[in-house]
Amino acid sequence: MNHFEYHGGILHAEDVPLPQIAEAVGTPVYVYSQATIERHARVFRSAVAGTGRGEPICAFAIKANPNLAVLHIMAREGFGADVVSGGELERAITAGMPPERIIFSGVGKTDAELALGLARGIGQFNIESEAEGLALAGIATARGQTANAVLRVNPDVDAQTHAKISTGKAENKFGVPIDQAHDIFARLTALPGLNLRGVALHIGSMIAELGPLEAAFKRIGALLVTLRAAGHNISHVDLGGGLGAPYKPDDVFPSPEDYGAMVRRVTSDWEVQLVFEPGRVIVANAGVLLTRVIRVKPGMSHPFVIVDAAMNDLARPAMYDAYHHFESVMAHSDSIIANIVGPICESSDTFAMERSCTQVEAGDLAVFRSAGAYGATMASTYNSRDMVPEVLVSGDKFAIVADRIAAATIMAAERVPDWI
Ligand SMILES: *Cc1c(COP(=O)(O)O)cnc(C)c1O
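*Asks:* Would you explain the overall build of the protein chain in this entry?
*Replies:* If you tally the helices and strands in the protein chain, you get 12 helices and 21 strands. Here the C-alpha atoms of the protein chain give a radius of gyration of 23 Å, agreeing with the 22 Å that 2.2 N^0.38 yields for 420 residues. Based on the C-alpha atoms only, the size of the protein chain along its principal axes is roughly 70 × 60 × 40 Å. With 420 residues in all, the protein chain has 55% of them scored as buried. Residue pairs in contact within the protein chain that sit at least 24 positions apart in sequence constitute 70% of those at least 6 positions apart.

In structure tokens, the structure reads:
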């Protein structure tokens, strides 16, 4: 469910007609709905409420949408943060997320980042290798601190998602192999400076069925039994994120309620506090990328609709053939079949080939839907384009929550050395 709907033939974000935003801010621009973010946050939290021991920690995966306004909303909804860099950690703190609900994930945390996490007093480090555990223990000991940590385990389960967003197969770089987890856990848990209190997993993103998640959770359940049998104290399990969101109008995805019911069933005898790291499922459908058609030119068999948004603004189609529904802002009963492309000088700057969509002409406004996750956060200024701005809507109000950064401003940060 989201709050981007047609009223009187004009696509609105909540109560704001999108042409009003295009007029005020220009295009391309990301537009987020606060009501949708809040709704998804609440649906997720209530779906997992009562699982595990005590209330679970819901940590929003910041990399899905790190905009400060979005993080403030998530903090107000009781979410902590799953961060994967020092920069994201500082964002979470700035947005008011309580440090004890900040989880630090990532396969390549530097010593400086580990020290930053300790300095900020974050709740948990998800360590991804024995060497990282040793480094964290050493840094914590030197600081006179004890780091709460869990060991990320790679359960070797195929998430059945796109290869570039799968993380839980043996060949992926994430976590430690499940068959070595027991020995690594035993060695790390003996170290001073480390309170190794459980395990974590995250098998991928855009997961369309609960089966792979359930299989992975069961492997973790079996690991818990052997760890406890060896006398280890396990109080926390981090189940990661990865739940998919519908991108196509007829997509059917497991709901957060279905997911919560599966978690409840599989983890009922685990006796641990659970941690969840949802990203996409909260924000994907809470945003659109608003764009204007520059021109339409004939193609071999289908016309090219050339829009003013490009792969630098929304990289997902170029990176992993992702689908984003494209439609005109003014409702139109006629449809066309077109190739929808951006202006960048790369053939991969293609949003869709042979797509059936509403009739559009030069000058028309249109949107790519479901652009709230992994959209603006992956934007660049390739081809010396402006950095795409972001707008947040609430009811009949809207505000720019990230400025358009002009190509000239980027150029002004560059230097020509005096030997040239
Ligand atoms: C990216 C990521 C997530 C969030 O994944 P979604 O598919 O957006 O839910 C959660 N945990 C970790 C460790 C991640 O890297």
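*Asks:* Is there a simple way to think about the packing of aromatic side chains in this case?
*Replies:* What characterises a pair of aromatic rings is the spacing of the ring centres plus the angle enclosed by the ring planes. Enumeration according to the criterion identifies 7 aromatic pairs in this entry. Ring plane angle 25° and centroid distance 6.2 Å describe the contact between Phe 104 and Phe 125, whose orientation is recorded as stacked. Residue Phe 104 is found in strand β7 (residues 102-104), and its partner Phe 125 is found in strand β8 (residues 124-127); the two are separated by 21 residues along the sequence.

*Asks:* Looking at this structure, I do not really get a negative patch on the surface. What am I missing?
*Replies:* Negative charge collects at one region of the surface, where Asp 156, Asp 158, Glu 171 and Asp 179 lie side by side. For Glu 171, the location among the structural elements is in the loop between β9 (147-154) and β10 (176-177). Judged by its relative accessible area of 63%, Glu 171 falls in the exposed class.

*Asks:* For this particular structure, what's the right way to read the site of the ligand?
*Replies:* Taken together, 14 residues sit near the ligand, with Lys 63, Ser 205, Glu 277, Arg 280 and Tyr 374 positioned nearest. In this structure, Ser 205 approaches the ligand through a side-chain N or O atom, which is 2.3 Å from an oxygen atom. Separating an oxygen atom of the ligand from a backbone N or O atom of Gly 242 is a distance of 2.8 Å. Residues of the shell around the ligand, tallied by class, amount to 3 nonpolar, 6 polar and 5 charged.

*Asks:* Looking at this structure, how should I read the sheet that holds strand β3 (residues 16-17)?
*Replies:* Taken in spatial order, the 3 strands line up as β1-β2-β3 in an open sheet, and their pairing is antiparallel. Sheet topology places β1 (4-7) and β3 at the edges, where each strand pairs with a single neighbour. As defined by bridge partners, β1 adjoins strand β2 (residues 10-13) across 4 bridges and the pair is classed as antiparallel. Within the sheet, the bridge partner assigned to Glu 5 lies in β2 and is His 12.

*Asks:* Honestly, helix α4 (residues 86-94) in this entry has me stumped. Any pointers?
*Replies:* Each α-helix turn comprises 3.6 residues. Residues three or four places apart therefore point the same way. Those residues of α4 that sit buried are Gly 86, Glu 88, Leu 89 and Ala 92. Buried residues in α4, looked at end-on, bunch into an arc of 160°, giving them a common side. In this structure, the buried side of α4 is in contact with α3 (68-76), β6 (80-83), β7 and α5 (111-120). Gly 96 sits one or two positions beyond α4 and adopts a positive phi of about 90°.

*Asks:* Would you explain a nonpolar patch on the surface in this entry?
*Replies:* A cluster of nonpolar side chains, namely Val 416, Trp 419 and Ile 420, defines an oily patch on the protein surface of about 470 Å² accessible area. Since its relative accessible area comes to 75%, Ile 420 is described here as exposed.

*Asks:* Looking at this model, I keep getting lost on the domain arrangement of the protein chain. Mind explaining?
*Replies:* By a widely used convention, the size of an interface equals the accessible area lost when the partners come together. In terms of domains, the protein chain is made up of domain 1 (4-32 + 284-412) and domain 2 (34-279). A straight line from the C-alpha centre of domain 1 to that of domain 2 covers 32 Å. Residue-level contacts link 23 residues of domain 1 with 22 residues of domain 2. Buried area between domain 1 and domain 2, summed over both chains or domains, comes out near 1,900 Å², and the portion from carbon and sulfur atoms is 58%. Broken down residue by residue, the surface that domain 1 buries against domain 2 is led by Tyr 320, Tyr 323 and Tyr 374, which jointly contribute 28%.

*Asks:* Please clarify how unusual backbone geometry should be interpreted in this entry.
*Replies:* Excluding glycine, a negative phi dihedral is what most residues carry, and trans is how most peptide bonds are arranged. Cis geometry is adopted by the peptide bond preceding Pro 28, which originates at Thr 27 and carries an omega value of -5°. Backbone geometry at Glu 14 places phi at a positive 50°, although glycine is not the residue there. Position of Glu 14 relative to the elements: it lies in the loop between β2 and β3. Residue classification places Glu 14 among the buried residues on the basis of a relative accessible area of 10%. Although it is not a glycine, Asp 156 sits at a positive phi angle of roughly 55°. Mapped onto the secondary structure, Asp 156 falls in the loop between β9 and β10.

Reading the values: the criteria
Residues numbered from 1 in each chain as written. Predicted model: local features only at pLDDT ≥ 70, side-chain atom pairs only at ≥ 80, totals over all residues. Heavy atoms only, no water. Helix = DSSP H or I, 4+ residues; strand = E, 2+ residues; numbered from the N terminus. Rg over C-alpha atoms; globule rule 2.2 N^0.38 Å. Buried < 20%, exposed > 50% of the residue type's maximum accessible area, 1.4 Å probe, protein only. Contact = heavy atoms within 4.5 Å. Phe/Tyr/Trp six-rings, centres within 6.5 Å; stacked < 30°, edge-to-face > 60°. Patch = residues over 30% accessible without salt bridge, like charges linked within 9 Å, V, L, I, M, F, W, Y side chains within 5 Å. Areas by Shrake-Rupley, 256 points an atom, 1.4 Å probe, with all protein chains shown as cover. Salt bridge = Lys/Arg side-chain N within 4 Å of Asp/Glu carboxyl O. Lys, Arg positive; Asp, Glu negative; His and termini not counted. Charge placed at Lys NZ, Arg CZ, Asp CG, Glu CD. Near = heavy atom within 4 Å. Polar contact = N/O pair within 3.5 Å; in protein donor to acceptor, adjacent residues only side chain to side chain. Nonpolar A, V, L, I, M, F, W, Y, C, P; charged D, E, K, R; others polar. Pairing = 2+ DSSP bridges. Arc of directions from axis to C-beta. Domains from an automatic or database assignment. Buried area = accessible area lost by both parts, 1.4 Å probe.

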